[in-house]
Amino acid sequence: MVIDHMFSVVIPASGIGKRMQAEIPKQYLPLLDKSVLEHTIGCFTDLPFVDEVVVVIAQHDEMFNTLKIANHPKIHKVIGGKERANSVFNGIKYLYEKGTQWVMVHDAARPCVEQDDIVNLAQHCFTNKQAGILGSPVRDTMKRAGSNSNLIEHTEERNGLWHAFTPQCSNVSQLFQALNSQISTQGDINPRVTDEASALEMAGFPVALVNGSAKNIKITQPEDLALAEYYIKSKKQ
Ligand SMILES: Nc1ccn([C@@H]2O[C@H](COP(=O)(O)OP(=O)(O)OP(=O)(O)O)[C@@H](O)[C@H]2O)c(=O)n1
Ligand SMILES: C[C@](O)(CO)[C@H](O)COP(=O)(O)O
């Protein structure tokens, strides 16, 4: 099915990458021929149904403007916030105020996303006029640890348990409303809002799970970079 509606994209890229233990924020680490962030942005800029890519960068980020892709005509910069959800909200607020209808939010730290999966997600959300996220059913047995202990409290029911990836796709005004209701007047976000879907769920909006490649890893710890290199090399050209 042709996607005859335009989507904007918000790329939260304001983090410091503590868990990566690197000298620079992980979105700027080299990944083969360019930075992690350039790979990620490049997954979206050449899609015909993407009209704008809002890159949410940290207040004092001096690296983004050194990237060639910074001058891409589809790119618009917004300043991020304290937590990921604050950064996403700042991007969504910009789109809400300009009347954008549909958005996909995708972590800067997920450069291995397959374009086929992005298209599949957009088609699902456009066809069903419904929010949706890329994800993958868990493969391992999942255990719940006891509080302040590494002893197993119980084994989680695995059926129906999914890893949530990004992009996470939604109607802009629904996501604006959902995130806004989770931010205090002081600007603090509900810590349970670790992705866009959790805010949408709390607001009562339905969100679909759309099966995507498990290669769509989030670069979080040092060992993830080598895996990302392998996946980027194995991407469909
Ligand atoms: N205040 C923040 C925190 C995170 N992010 C972005 O959200 C994505 C996913 O977050 P995460 O993997 O947690 O990145 P960091 O917060 O940078 O990692 P860490 O928790 O290890 O510091 C990343 O692309 C990150 O740049 C953001 O835009 N604004
Ligand atoms: C949005 C996300 O990537 C979905 O799995 C994840 O919640 C981000 O978590 P982080 O702790 O901010 O990396």
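What counts and how
- Residues numbered from 1 in each chain as written.
- Chains lettered and ligands numbered in written order.
- Predicted model: local features only at pLDDT ≥ 70, side-chain atom pairs only at ≥ 80, totals over all residues.
- Heavy atoms only, no water.
- Near = heavy atom within 4 Å.
- Polar contact = N/O pair within 3.5 Å; in protein donor to acceptor, adjacent residues only side chain to side chain.
- Areas by Shrake-Rupley, 256 points an atom, 1.4 Å probe, with all protein chains shown as cover.
- 1 Å grid on protein atoms, 1.4 Å probe; cavity = no way out; pocket = protein on both sides within 12 Å on 5 of 7 lines; lining within 4 Å.
- Sits in = over half its atoms within 2 Å of the grid points.
- Helix = DSSP H or I, 4+ residues; strand = E, 2+ residues; numbered from the N terminus.
- pLDDT = per-residue confidence, 0-100.
- Buried < 20%, exposed > 50% of the residue type's maximum accessible area, 1.4 Å probe, protein only.
- Contact = heavy atoms within 4.5 Å.
- Lys, Arg positive; Asp, Glu negative; His and termini not counted.
- Salt bridge = Lys/Arg side-chain N within 4 Å of Asp/Glu carboxyl O.
- Points joined across faces, edges and corners; volume = space filled by probe spheres on them.
- Nonpolar A, V, L, I, M, F, W, Y, C, P; charged D, E, K, R; others polar.

A. The arrangement of the site of ligand 2 in detail. Every residue close to ligand 2 is listed here: Arg-19, Arg-84, Asp-107, Arg-110, Ala-164, Thr-166, Thr-194, Asp-195 and Lys-218. In the model, an oxygen atom of ligand 2 is placed 3.3 Å from a nitrogen or oxygen of the Arg-19 side chain. Across the complex, the protein chains shield 73% of the 360 Å² of accessible surface that ligand 2 would expose by itself. Here ligand 2 occupies the largest pocket.

B. Highlighting the site of ligand 1. The immediate surroundings of ligand 1 are formed by 18 residues, with Gly-17, Lys-18, Arg-19, Lys-26 and Ser-87 found nearest. Between an oxygen atom of ligand 1 and a main-chain N or O atom of Pro-12, the distance comes to 3.0 Å. One nitrogen or oxygen atom from the side chain of Ser-87 is found 2.8 Å from a nitrogen atom belonging to ligand 1. Contact with the protein chains covers 89% of the free accessible surface of ligand 1, which is 560 Å². Among the detected pockets, ligand 1 sits in the largest pocket. Taken together, the elements giving at least two residues each to the shell around ligand 1 come down to strand S1 (7-13) and helix H2 (84-97).

C. Looking closely at the confidence of the model for the protein. Of the residues in the protein, 98% reach a pLDDT of 70 or more, and the chain-wide mean stands at 96. Among the prediction metrics, the complex's ipTM stands at 0.99, with pTM recorded as 0.98.

D. View of the side chain of Gln-168. Within the fold, Gln-168 resides in strand S10 (residues 162-171). Looking at Gln-168, the relative accessible area reads 3%, which means it is buried. Separated by 3.2 Å, the side chain of Gln-168 and the backbone nitrogen of Glu-196 make a polar contact. What Gln-168 contacts, discounting residues up to four positions off in sequence, is Val-103, Met-104, Val-105, Gly-132, Ile-133, Asp-195, Glu-196 and Ala-197.

E. Seen up close, the side chain of Lys-74. Mapping Lys-74 onto the fold places it in the loop between strand S4 (50-57) and strand S5 (75-79). Nearest to the buried, unbridged Lys-74 among oppositely charged side chains is Asp-46, at 7.1 Å. Engagement of the side chain of Lys-74 in a polar contact is seen with the backbone oxygen of Thr-45, the distance being 2.9 Å. Sequence-distant contacts of Lys-74, defined by excluding residues within four places in its chain, comprise Thr-45, Leu-47, Val-50, Asp-51, Glu-52 and Val-53.

F. Broad picture of the pattern of salt bridges. Under the counting rule described, the total for this entry stands at seven salt bridges. The salt bridge involving Glu-52 is made with Lys-98; its shortest N-O contact spans 2.6 Å. Here the residue Glu-52 occupies a position in strand S4, and Lys-98 occupies one in the loop between H2 and strand S6 (102-105), the gap between them amounting to 46 residues. Residue classification places Glu-52 among the buried residues on the basis of a relative accessible area of 9%.

G. Inspection of the layout of surface pockets at higher detail. Space inside the largest pocket adds up to approximately 930 Å³. Along its surface, the largest pocket is lined by 36 residues, and Gly-15, Arg-19, Glu-83, Arg-84 and Lys-218 are the ones closest to its centre. Split by residue class, the lining of the largest pocket holds 12 nonpolar, 13 polar and 11 charged. Of the pockets and cavities examined, the second largest pocket occupies roughly 450 Å³. What lines the second largest pocket is a set of 14 residues, and nearest its centre among them are Val-138, Trp-162, His-163, Ala-164 and Phe-165. Partitioned by chemical class, the residues of the lining of the second largest pocket number eight nonpolar, two polar and four charged.

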